[in-house]
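Results of the structural survey
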Amino acid sequence: MNWGKIGGLTAVLLCATSPLWAFELKFSSSLASSDVNERLETASLLVPLSQKEQTNPQDVLAAAQAEYGRIVGTLYDEGYFAPVVNVVVDGREAASISPLAAPGRIGRIEVRVAAGPRFQFGETALGPLPTGAETPPEFRRGETATTRAIRDAVDSGIEDWRDAGYAKVALSDQQITARHPQRQLDVRVALDPGPLLRFGALKVRGNQAVRTDRIIDIAGLPTGEVFDPEEVRRASVRLRRAGVFSVAALSEAERIGPNNTLDIEAQFVEEKPRRFGFGAEVSSTDGLGLEAFWLHRNLFGGAERLRLEAAIEGIGGRTGGEDFSLSARFTRPATFNEDTDFFALAQIESLNEESFSSDRVSLEAGIRRYASEQREYTFGLGLTRAQTEDAFGERDYTIFTLPASAEFDYRDNELNAKSGYYALASLTPFAAISGTQSGLRTYLDGRAYRSFGASEGLTFALRGQLGSLAGPSLEDAPTDFLFYSGGGGTVRGQDFQSLGIDLGGGQEIGGRSFLGVSGELRVKTTEKLSLVGFYDAGFISEDAFPDGSNGEWHSGAGFGVRYDTGIGPIRFDVGVPVSGPDDNTGFEIYIGIGQAF
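Residues numbered from 1 in each chain as written. Predicted model: local features only at pLDDT ≥ 70, side-chain atom pairs only at ≥ 80, totals over all residues. Heavy atoms only, no water.

**Considering the sheet that holds strand 2 (residues 84-89)**
- With mixed pairing, four strands are arranged side by side in an open sheet as 1-4-2-3. In the strand order of this sheet, the two ends are held by strand 1 (24-29) and strand 3 (92-93), each with one partner.
- Pairing between strand 1 and strand 4 (residues 108-114): six bridges, direction parallel. Its bridge partner lying in strand 4, Glu24 is registered against Arg108.
- Across the sheet, helix 4 (residues 57-78) touches strand 1, strand 2, strand 3 and strand 4, and the angle it forms with strand 2 is around 165°. (Pairing = 2+ DSSP bridges. Helix = DSSP H or I, 4+ residues; strand = E, 2+ residues; numbered from the N terminus. Contact = heavy atoms within 4.5 Å. Axes fitted to C-alpha atoms, helices over the stretch in contact; angles between N-to-C directions.)

In C-alpha cells, the structure reads:
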C-alpha cells in the first residue's frame, strides 16, 4: 500500500472540506525604523491573508511556516544578522505544527520580530577584478552590512569582467562569517573570469521571409572583435528598430567555440508583412481630418519598408480650405552600415490656407544615421516643383534642396516628459532652378523639463522655436517656406496661422522669420489626473532673423487637464488670446494624446 499517496490525498481532502474562517494577525517588531517595518510587512505572506474575510486554515498554516524565511531574508537585506523570529499560531510555534495535522480553525497569529543589532562590514574581499575596476563603496569596512550590498558588489564585479570581454565570468567561491560580539560581517568572494572571448557567428533561427544575410547586416554584430555586452544590446536595438519582428531575442551560446569565440544565438518571430490603418481628427478650428496608410514591412525580403499614405484635412474648418496629400516612402535599413538607413520619398501636396495656396510635387532621397539611441542625423537630396498663389500673385518655382537635420532626444518619456531635454535642428539649403532665388531655410526647436517633489508631482516645461529664411526677398520667397504663428503648435489661444506680415488692405503673407516661446506648469493632483497652466508667445518678422524690433508679437494663455493612460496622457487644453494685433476675444480648445510639447 502506498502511504505517501494516501497521506497526500488526505491532505487534499482536508483542504477541500475545511471550513473557511477569518483570523486575527498581530505583527510586532523591536525596530524603530518605520521604513524597515514597512518592508517586513510588505514581505509578509500573512498580512494580505489577514485582510481577507475567509481563509483556508491549511493555506494560513503554510504561509505561517514560510514567514520565517521571508522575514529573516528581509532583515538580512537590512543588515540584521542575529534576528529572533516567532510565528505563534493560537499559542503554538508555527514551525512545530505538522502540515498533516493542521488545525481545523485558526483564530489568532502573532508574528514577533526581535531584529537584534545591526551589523557592519568587517573584512571584505572581492576578486580578482579587471584593471581599473573597484568594488562599490557600500561594500567596504565600516559600512552597513546587507545582503543587498553583497549581491550588488558581486554583480558589479561580474559586469566589470564582462565589459572587459570575459563573458563566462562566474562566482567560484564565497565565505561569509558573522562575528556576533563585534557585530561585524566578514565577506570573501572569489570570481573566475575565464578566458578572454571574441564574437563568433550570429546564429539565426525563426526567420521565414526575412533573409538571414540581411538579419546579420542589420544586427551589425562585430564578429572577431573582443566580446562586449553593449554590442549585443545595440544589435537587439537595431533588429527591433527594423520593424519586421514581433520578437527579436539575442542570447549568448552556452559553450565557448573554437579559438575562444562566443556565438550569439538569435531567435525571431516575424510580424505580418502587410499592415493598413486609418484615422480621423476633429477640431473646432481645423475641421475634420482623415488619413489612411498601407505598409509593407518586408518588400524584397531584406526588411525594406514601403509606406503609402493619403490624407485630407480642413473639411468644414476655418483655415482656408481642404488640404490634400499623397506620399510614398521607401526605407532600407542597414544600407551603408548597420546604423545608417537609406530612404526615398515622393509626395504630392495641395495646401489651401487663408493667406496662400500651394500645389507641389517633391522628390527626396537620403540617409538617416543613428549615432546613438538619443541622437539621429539625416542628409538628403531633393527636387521640388510648386505652383503657389499669395498676396503677391501666382508663381511657379522649381528648386533643388539639400535638407539636413539633427535630433537629440534625452527625455525620460517621449509623450509625458518629466526630465531631460529635446532638440531638433533642420537646415534646408536650396538652389533656385526657376521662379525664385536661392537661399537657406532654418528651423530650431528646443524643449527642457524639470520636476520637483518626492513623486515628481510638479513639472516645469519650457519650449523655444526659431525659424529663419535667408536669401530671397519676401516677394520672391517660396510662399510655403514662410512662417506663421498661432494654433496648437505655436501659440495656443490664437487662431491657426493668425499672425503673419500685414501688407494692408486685408492682405497678409508669412514672415521670413519666427520666434516662439512656450511655458507650462504641470501639477499632478491624483495618480491619473494633472492640471496644467500655460503661456505661449510668438513673433513674426519680415527680416531673415527675428531681432524683436521689426515685426509683431502675439500671445495666448490658458489651462488644461491631463488624464494618464497606458499610451500617454489624454490632453484637453483651453486657450484664450492675451495680446496681439487682432481683436480676438474667443477661445480655442485642443484635444490630443501626449503633452503639447
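**Focus: the packing of aromatic side chains**
- According to the stated counting rule, one finds 13 aromatic pairs in the structure shown.
- On the numbers, 6.3 Å between centres and 50° between planes, the contact of Phe300 with Phe330 is tilted. Of this pair, Phe300 sits in the loop between strand 12 (287-296) and strand 13 (305-315) while Phe330 sits in strand 14 (residues 323-337), placing them 30 residues apart in sequence.
- Overall, the relative accessible area of 19% leaves Phe330 in the buried class.
- Judged by centre distance (6.1 Å) and plane angle (90°), the ring pair of Tyr377 and Phe408 falls under edge-to-face. Placement of Tyr377 in strand 17 (residues 375-390) and of Phe408 in strand 19 (residues 404-409) is noted, with a sequence separation of 31 residues between them.
- With relative accessibility at 22%, the residue Tyr377 sits in the partly exposed group.
- An aromatic cluster of at least three residues, connected via ring pairs, comprises Tyr76, Phe81 and Phe119.
- In this arrangement the basic side chain of Arg307 is found over the ring face of Phe293, its NZ or CZ atom lying 4.1 Å from the centre.
- Positioned over the ring face of Phe481 is Arg441, at 5.9 Å from the centre of the ring. (Phe/Tyr/Trp six-rings, centres within 6.5 Å; stacked < 30°, edge-to-face > 60°. Buried < 20%, exposed > 50% of the residue type's maximum accessible area, 1.4 Å probe, protein only. Lys NZ or Arg CZ within 6 Å of the ring centre and 35° of its normal.)

**Section: the packing of helix 4 against helix 5 (residues 147-163)**
- Two numbers describe how helix 4 lies on helix 5: the axes approach to 5 Å, and their chain directions differ by 70°. Between helix 4 and helix 5, the angle is such that the two are roughly perpendicular. On helix 5, the residues that touch Tyr76, Asp77 and Glu78 of helix 4 are Thr147, Arg148 and Arg151. (Parallel < 35°, antiparallel > 145°, perpendicular 65-115°, else oblique.)

**Some details on the nonpolar core**
- Core analysis: the largest hydrophobic core is formed by 27 residues, its most contacted members being Leu46, Ile71, Leu75, Val87, Ile109 and Val111.
- Every element with two or more residues in this core is listed here: helix 2 (34-43), helix 3 (46-50), helix 4, strand 2 and strand 4.
- Looking at which element gives the most residues to this core, the answer is helix 4, with seven residues.
- Excluding its chain neighbours within four sequence positions, the residues that come into contact with Ile71 are Phe27, Leu40, Val85, Val111 and Val113. (Core = buried A, V, L, I, M, F, W, Y, C linked by side-chain atoms within 4.5 Å.)

**Some points on helix 7 (residues 229-241)**
- Relative to the 18 Å expected for 13 residues at 1.5 Å per residue, helix 7 spans 19 Å between its end C-alpha atoms, a close match to the ideal helical length.
- The inward-facing, buried residues of helix 7 contact helix 5, strand 8 (198-205), helix 6 (212-219), strand 9 (245-252) and strand 10 (261-270).
- Residue Gly243 follows helix 7 closely and has a positive phi angle near 80°. (Expected span 1.5 Å × (residues − 1).)

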